[in-house]
Amino acid sequence: MSSEIHPKLNVTQPNSGEHTVEPVSDPFVLVIYGASGDLAARKVLPSIYKLYRRDLLPEKFAVMGVARTGFSDDSFRAAMLDAVKRYVPETFDADSWNDFAGRLYYQPIQYDSDESGKLLGKRLDEIDKAFGIRGNRVFYIALPPMLYETVIDNIGGAGLARKEHGWTRIIIEKPFGNSLKTSRSLTNTLHKYFEENQIFRIDHYLGKETVQNILMFRFANAIYEPIWNRRYIDHVQITAAESLGIEHRAGYYESAGVIRDMFQNHILQLLALVAMEPPARFEAEEVRNEKTKVFRSIRPFDTKKLDESWAVGQYVVGIVDGKPVPDYRSEKDVPPNSNTPTFAAGVFHVDNWRWQGVPFFLRSGKRLARGITEIAIQFKAAPHLMFDRVLAGYAGPNVLVFRIKPDEGIMQSFFTKVPGSRLCLQQVRMEFSYESVSSGAVFDAYQKVLIDCMSGDHMLFVRQDGVELTWELLDPVLSALNGFGPPAPYASGSEGPANADRLISKTGRDWRRLAEL
Ligand code: BG6
């Protein structure tokens with residue numbers, strides 16, 4: 001007999017707590033395009049404020065909000081005060097607010113007007129002088145993707161992307177186009193004014209502590225590297241499951257769908273970190289080169305037999321967290337005949353020596369049984385199971401899990417004998433939890449990417465070649481899926497559609513059950 005229990009094994013956790021980060025040393029002005037919008041209020045400004053409160057920003061810095069809304073400096077400051085109180089109330093400090101607010105400025109702008117751009121340039125020069133910023137500027141584009149190219153032309157056209165007098169950097173967030181063609185067009189527009197090393201493309205997954213830890217774990221623990229290959233690993237499962245629906249984002253999601261929204265970026269980044277070769281040095285370009293090699297090694301999909309490697313679905317009504325929820329087609333602004341997939345599962349193969357014959361099963365979806373993101377490395381079974389005869393129900397081989405969220409941590413499962421006179425196996429887990437070693441001092445993804453950008457460190461940002469290779473891989477899939485008919489329905493709150501189960505079960509394996517993770 002076998003059973004599974006989950007005792008917390010005694011894991012020694014030295015170096016607990018202290019999170020050491022170099023403060024940003026260069027003075028700078030952060031120019032937020034789209035400063036009156038939701039992303040600026042929810043994420044960008046609160047993250048800058050948190051860094052300020054943790055003394056990680058230099059003495060000389062300022063923030064310039066830019067958008068179409070007709071704010072003045074004062075009304076922008078009042079709006080940001082509301083945002084900080086609302087989104088990071090635990091960080092808000094009334095005593096130092098005035099100093100922070102005094103660094104906030106606002107310039108209304110028409111995104112397609114050169115004149116507006118030049119006015120902005122003038123104000124930036126004034127702020128530069130007032131604060132002694134020495135010309136360093138970061139442009140953060142917190143706007144809907146359809147405005148990216150207009151705004152980049154606006155910045156470049158007004159001569160604001162200059163390379164002399166300090167440094168100029170630009171931050172943009174995914175999506176980087178919605179196909180290879182549009183992503184190239186975005187890159188071309190960026191490259192009209194900016195060098196690649198001035199561009200910081202955010203994939204917020206790379207800012208997550210647990211995602212960064214994949215590399216540390218792999219390359220700092222010598223015991224895993226020798227078994228990190230096709231001789232010992234049976235397959236890898238990467239799951240990014242959400243219990244939430246599309247919220248109020250139909251406008252974007254309808255034209256994206258889950259493959260563009262989650263696979264082209266976040267999930268393929270996770271795959272690259274698991275599959276990459278050790279870089280010669282832990283430096284941004286070396287790491288990004290190795291990731292690019294992985295993208296190049298992924299086997300292109302045979303679009304004539306797409307159902308052998310992909311399964312897609314769309315959520316219908318169901319129960320999530322005990323409450324009934326509507327189907328995707330009834331969400332606000334979704335057309336009633338929409339065929340946009342909200343779930344996808346794909347079987348990926350990395351054609352190189354290390355991974356030949358090791359499938360990577362990737363899945364992601366909205367309105368699933370649980371919100372959980374994890375990478376599970378499933379090792380091969382013991383070559384000879386001498387316990388098989390005496391013990392029924394051996395529950396499968398060892399698994400190493402990187403839990404990205406929630407309950408960030410690492411888990412290794414293995415078998416032990418159940419104490420007692422009977423021969424009995426149990427599966428136990430050795431668990432490491434981030435919470436137990438961080439004293440709440442961990443950066444969220446936005447703080448991390450902001451601080452890295454100000455410090456000029458590209459390690460956690462996506463490079464142009466990686467973006468294009470992932471689009472090259474997925475573009476044919478997306479086109480072929482168009483002719484595929486409606487995605488398979490799956491009940492909200494379920495494990496996903498049955499076609500995804502078939503995709504993996506025909507290889508003799510099973511998905512890890514979300515409800516049990
Ligand atoms: C975003 C997607 O990039 O990532 C969303 O657009 C998704 O649809 C989100 O919900 C998931 O991020 P996280 O950090 O909550 O796993």
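All figures in this text were calculated on a predicted structure; none of them were measured in a lab.

As for the overall build of the protein
Right, on to step 1. Per the secondary structure count, the protein includes 13 helices and 18 strands.
Right, on to step 2. Against the 2.2 N^0.38 benchmark of 24 Å for 517 residues, the protein shows a C-alpha radius of gyration of 25 Å, consistent with a compact globule.
Right, on to step 3. Oriented by its inertia axes, the alpha-carbon framework of the protein measures out at about 80 × 55 × 45 Å.
Right, on to step 4. A burial count over the protein gives 54% of its 517 residues as buried.
Right, on to step 5. Sequence-distant contacts, at least 24 apart, represent 79% of the contacts inside the protein between residues at least 6 apart.
Right, on to step 6. A gap of 4 Å separates the mean positions of the 62 positive and 64 negative side-chain charges of the protein.

A look at the confidence of the model for the protein
Right, on to step 1. When pLDDT is averaged along the protein, the result is 91, and 93% of the positions lie at 70 or above.
Right, on to step 2. Taken together, the stretch residues 1-18 has pLDDT below 50 and engages in 37 contacts with residues farther than four places along the chain or on a different chain.

A short note on the site of the ligand
Right, on to step 1. Within the structure, the ligand sits among Lys 174, His 204, Tyr 205, Lys 208, Glu 242, Arg 249, Asp 261, Met 262, His 266, Lys 366 and Lys 405.
Right, on to step 2. Arg 249 has a polar side-chain atom sitting 2.8 Å from an oxygen atom of the ligand.
Right, on to step 3. With respect to the ligand, the side chain of Asp 261 contributes an N or O atom lying 2.6 Å from an oxygen atom.
Right, on to step 4. When the free accessible area of the ligand is taken as 390 Å², the share hidden by the protein chains comes to 80%.
Right, on to step 5. With three residues, the top contributor of residues to the shell around the ligand is helix 8 (residues 250-275).
Right, on to step 6. The residue inventory of the shell around the ligand, partitioned by class, reads two nonpolar, two polar and seven charged.

Considerations on the environment of Ser 297
Right, on to step 1. Within the secondary structure layout, Ser 297 lies in helix 9 (residues 284-297).
Right, on to step 2. For the pair Ser 297 and Trp 355, spaced 58 residues apart in the sequence, the C-alpha separation amounts to 9.8 Å.
Right, on to step 3. Leave out the neighbours within four places in its chain, and Ser 297 touches His 349, Val 350, Asp 351 and Asn 352.
Right, on to step 4. A distance of 2.7 Å separates the side chain of Ser 297 from the backbone oxygen of Lys 293, its partner in a polar contact.

Overview of the packing of aromatic side chains
Centre-to-centre distance and the angle between the planes together describe a pair of aromatic rings.
Right, on to step 1. Enumeration according to the criterion identifies 29 aromatic pairs in this entry.
Right, on to step 2. Their ring planes at 55° and their centres at 6.0 Å tell us that Phe 92 and Trp 97 sit as a pair that is tilted.
Right, on to step 3. A centroid spacing of 5.3 Å and a plane angle of 55° characterise the contact between Phe 263 and Trp 310, whose relative ring orientation is tilted. Taken together, the residues Phe 263 in helix 8 and Trp 310 in strand 9 (residues 310-320) connect sequence positions 47 residues apart. For the pair formed by Phe 263 and Trp 310, the shared burial category is buried.

Concerning the pattern of salt bridges
Right, on to step 1. Applying the stated criterion to the full structure yields 29 salt bridges.
Right, on to step 2. Put simply, Lys 192 and Asp 153 hold a salt bridge, and the shortest N to O gap is 3.1 Å. On the criterion of sequence distance, the pair formed by Lys 192 in helix 6 (residues 180-193) and Asp 153 in helix 5 (residues 148-157) is long-range, its members being 39 residues apart.
Right, on to step 3. The exposed category is assigned to Lys 192, whose relative accessible area is 54%.
Right, on to step 4. By relative accessible area, which is 27% here, Asp 153 ends up partly exposed.
Right, on to step 5. Taken together, the shared-partner salt bridges in this structure form one network comprising Arg 218, Glu 225, Glu 277 and Arg 354.

Some remarks on the sheet that holds strand 3 (residues 61-67)
Strands pair in a sheet through their backbones, by hydrogen bonds, and they do so in one of two ways: parallel or antiparallel.
Right, on to step 1. The seven strands are arranged 4-3-2-5-6-7-17 in an open sheet whose pairing can be described as mixed. Strand pairing shows two members of the sheet lacking a second neighbour, strand 4 (104-108) and strand 17 (461-462), which therefore form its edges.
Right, on to step 2. The pairing of strand 5 (residues 137-141) with strand 6 (residues 168-173) spans five bridges and is parallel. Within strand 6, the residue paired with Ile 141 across the bridge is Ile 172.
Right, on to step 3. Docked against the sheet, helix 4 (residues 114-131) engages strand 2 (28-33), strand 3, strand 4 and strand 5, running at close to 165° with respect to strand 3.
Right, on to step 4. Sheet contacts for helix 5: strand 2, strand 5 and strand 6; angle to strand 5, the most-contacted strand, approximately 160°.

Comments concerning helix 11 (residues 445-454)
One full turn of an α-helix is made of 3.6 residues, so residues set three or four places apart face in the same direction.
Right, on to step 1. Burial runs high along helix 11: 10 of the 10 residues are buried.
Right, on to step 2. Every buried residue of helix 11 is listed here: Ala 445, Tyr 446, Gln 447, Lys 448, Val 449, Leu 450, Ile 451, Asp 452, Cys 453 and Met 454.
Right, on to step 3. Positive backbone phi, at 75°, marks Gly 456, one or two positions downstream of helix 11.

Regarding the nonpolar core
Right, on to step 1. Tyr 33, Ile 259, Phe 263, Leu 271 and Phe 348 are the most contacted members of the largest nonpolar core, which totals 155 residues.
Right, on to step 2. At 14 residues, helix 8 tops the list of elements feeding residues into this core.
Right, on to step 3. Setting aside its immediate chain neighbours within four residues, Leu 271 contacts Ile 238, Val 294, Ile 298, Phe 348, Val 350, Phe 360 and Leu 362.

Some points on helix 8
Right, on to step 1. The largest bend in helix 8 comes to about 100°, at Gly 257.
Right, on to step 2. Across the 26 residues of helix 8, 21 count as buried, placing the element largely inside the fold.

Scoring rules and cut-offs
Residues numbered from 1 in each chain as written. Predicted model: local features only at pLDDT ≥ 70, side-chain atom pairs only at ≥ 80, totals over all residues. Heavy atoms only, no water. Helix = DSSP H or I, 4+ residues; strand = E, 2+ residues; numbered from the N terminus. Rg over C-alpha atoms; globule rule 2.2 N^0.38 Å. Buried < 20%, exposed > 50% of the residue type's maximum accessible area, 1.4 Å probe, protein only. Contact = heavy atoms within 4.5 Å. Lys, Arg positive; Asp, Glu negative; His and termini not counted. Charge placed at Lys NZ, Arg CZ, Asp CG, Glu CD. pLDDT = per-residue confidence, 0-100. Near = heavy atom within 4 Å. Polar contact = N/O pair within 3.5 Å; in protein donor to acceptor, adjacent residues only side chain to side chain. Areas by Shrake-Rupley, 256 points an atom, 1.4 Å probe, with all protein chains shown as cover. Nonpolar A, V, L, I, M, F, W, Y, C, P; charged D, E, K, R; others polar. Phe/Tyr/Trp six-rings, centres within 6.5 Å; stacked < 30°, edge-to-face > 60°. Salt bridge = Lys/Arg side-chain N within 4 Å of Asp/Glu carboxyl O. Pairing = 2+ DSSP bridges. Axes fitted to C-alpha atoms, helices over the stretch in contact; angles between N-to-C directions. Core = buried A, V, L, I, M, F, W, Y, C linked by side-chain atoms within 4.5 Å. Bend = angle between axes of the 7 residues up to and from the residue.

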